[in-house]
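Remarks on the overall topology
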Amino acid sequence: MLPAGAFLLLFLAYPLGLGIWLSFTDERIGRPGIFIGLENYQWLMDDGVFWLSVVNTLLYTAVASVVKFAVGLYLALLLNRNMPFKAIIRAAVLIPFIVPTVLSAIAFWWIYDSQFSIISWSLIKLGVIQQNINFLGDSNWARASVIIANIWRGIPFVAITLLAGLQTVSPSLYEAATLDGATRWQMFRHITYPLLTPIIAVVMTFSVLFTFTDFQLIWAMTRGGPVNATHLMATLSYQRAIIAGQLGEGAAISSAMIPFLLAAIMVSWFGLQRRKWQ
């Protein structure tokens, strides 16, 4: 296990430790810093943009994760049935997840274009609206737009993982339930869901972590705009550390994400250990 341990230390533990250390310094690009304690964190407490990014991150993560789970579970149940061309359909479901994130972001950027949006064009032709919608130029529309893009990318991961869990449920359980006169909902409530809960806990933990730390999709589509309306903690950290050159402040924003990520992991961990809900 030494090679794997060395890999984790070099590429995970060391960057994490370095980032936490930088958050306690005033280091900038091209200039070594000195230890300043909690000054960066005190500065963030009074930073309105930082708190806006926290709210955006929590909203982005909560809405996207819930919708991805609901739609992903529905697709998993649908794909678990016997249907023609099932293998081709399963492969097609994976396409949004395997397409590079930047290509997906550019595609959505075109879809949301203020002048040539296919959505606005279709709605105008149907007589629903009179003028184009400025999807990425309005704060509320921009938030909704990036959440929809993230949902589109994340659904396949949830669906395929839950589908793998459904494959492990013995058909004899459903046969016995059918003989007992159980409805589809009763079979889902008392057979499918209890046996799928460990997989749900794991997949939702990863989904929350991936969504909370999302950077590429937001940066490629909006760069945190308009007026910081779509800034997540990850994008704000990059903007402050790399573009503005304030490495210490950017590292403090990144380090502030750790408690949220630990909370998501601990909920799943204790849930899997106790299994009270199973």
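Report on the accompanying structure.

Analysis parameters
- Residues numbered from 1 in each chain as written.
- Predicted model: local features only at pLDDT ≥ 70, side-chain atom pairs only at ≥ 80, totals over all residues.
- Heavy atoms only, no water.
- Phe/Tyr/Trp six-rings, centres within 6.5 Å; stacked < 30°, edge-to-face > 60°.
- Helix = DSSP H or I, 4+ residues; strand = E, 2+ residues; numbered from the N terminus.
- Buried < 20%, exposed > 50% of the residue type's maximum accessible area, 1.4 Å probe, protein only.
- Contact = heavy atoms within 4.5 Å.
- Polar contact = N/O pair within 3.5 Å; in protein donor to acceptor, adjacent residues only side chain to side chain.
- Axes fitted to C-alpha atoms, helices over the stretch in contact; angles between N-to-C directions.
- Parallel < 35°, antiparallel > 145°, perpendicular 65-115°, else oblique.
- Left-handed = near helix turned anticlockwise from the far one by under 90°.
- Nonpolar A, V, L, I, M, F, W, Y, C, P; charged D, E, K, R; others polar.
- Core = buried A, V, L, I, M, F, W, Y, C linked by side-chain atoms within 4.5 Å.
- Salt bridge = Lys/Arg side-chain N within 4 Å of Asp/Glu carboxyl O.

With that settled, consider the packing of aromatic side chains. This model, assessed by the stated rule, comprises 18 aromatic pairs. On the numbers, 4.9 Å between centres and 45 degrees between planes, the contact of Phe7 with Phe11 is tilted. Of the two residues, Phe7 and Phe11 are both situated in helix H1 (residues 2–22); the distance of 4 residues between them amounts to about one turn of the helix. Aromatic ring contacts, followed pair by pair, group Phe108, Tyr112, Phe135, Trp141 and Trp152 into a single cluster.

Moving on, we come to the environment of Ser237. Within the secondary structure, Ser237 is located in helix H12 (residues 233–243). Its relative accessible area of 6% is what places Ser237 among the buried residues. When the C-alpha atoms of Ser237 and Gly248 are compared, they prove to be 9.8 Å apart, with 11 residues separating the residues in sequence. Setting aside residues up to four positions removed in sequence, Ser237 forms contacts with Gly250, Ile253 and Ser254. For Ser237, the side chain forms a polar contact with the side chain of Ser254, separated by 2.6 Å.

Direction vectors running N to C along helix H9 (residues 171–179) and helix H10 (residues 184–212) enclose 165 degrees, while the axes themselves pass 10 Å from each other. When the interaxial angle is binned, H9 and H10 end up roughly antiparallel. In this structure, H9 crosses over H10, and the sense of that crossing is right-handed. The residues of H10 that touch H9, namely those facing Leu173, Tyr174, Ala177 and Thr178, are Met187, Ile191, Thr192 and Leu195. Across the contact of H9 with H10, the residue classes break down as 6 nonpolar, 2 polar and no charged.

In this structure, Tyr60, Tyr112, Leu217 and Met221 are the most contacted members of the largest nonpolar core, which totals 18 residues. Secondary structure elements with two or more residues in this core: helix H3 (48–79), helix H6 (101–111), helix H8 (139–166) and helix H11 (216–221). In terms of residue count, the dominant contributor to this core is H8 (5 residues). In terms of nonpolar packing, the next biggest core, distinct from the first, is built from 14 residues, Ala76, Leu162, Leu166 and Val203 among them.

Inspection of every chain in the model, using the stated rule, returns 3 salt bridges. Across the pair Arg240 and Asp47 runs a salt bridge whose closest N-O atoms are separated by 2.9 Å. Placement of Arg240 in helix H12 and of Asp47 in the loop between helix H2 (39–45) and H3 is noted, with a sequence separation of 193 residues between them. Of the two residues examined, Arg240 and Asp47, each falls in the buried class. The partner of Glu249 in a salt bridge is Arg240, and the shortest N-O contact between them spans 2.4 Å. Side by side, Glu249 and Arg240 carry an identical accessibility label, which is buried. Because the salt bridges share partners, they merge into one network encompassing Asp47, Arg240 and Glu249.

With that settled, consider the packing of H8 against H10. Orientation of H8 relative to H10, taken along the N-to-C sense of each, is 150 degrees, at an axis distance of 10 Å. On the basis of their axis angle, the class for H8 and H10 is roughly antiparallel. Along this stretch, H8 crosses H10, giving a crossing that reads as right-handed. Residues Asn150, Phe157, Val158, Thr161, Leu162, Gly165 and Leu166 of H8 pack against Thr192, Leu196, Ile199, Ile200, Val203, Phe206, Ser207, Phe210 and Thr211 of H10. Considering only residue class, the contact of H8 with H10 consists of 10 nonpolar, 6 polar and no charged.

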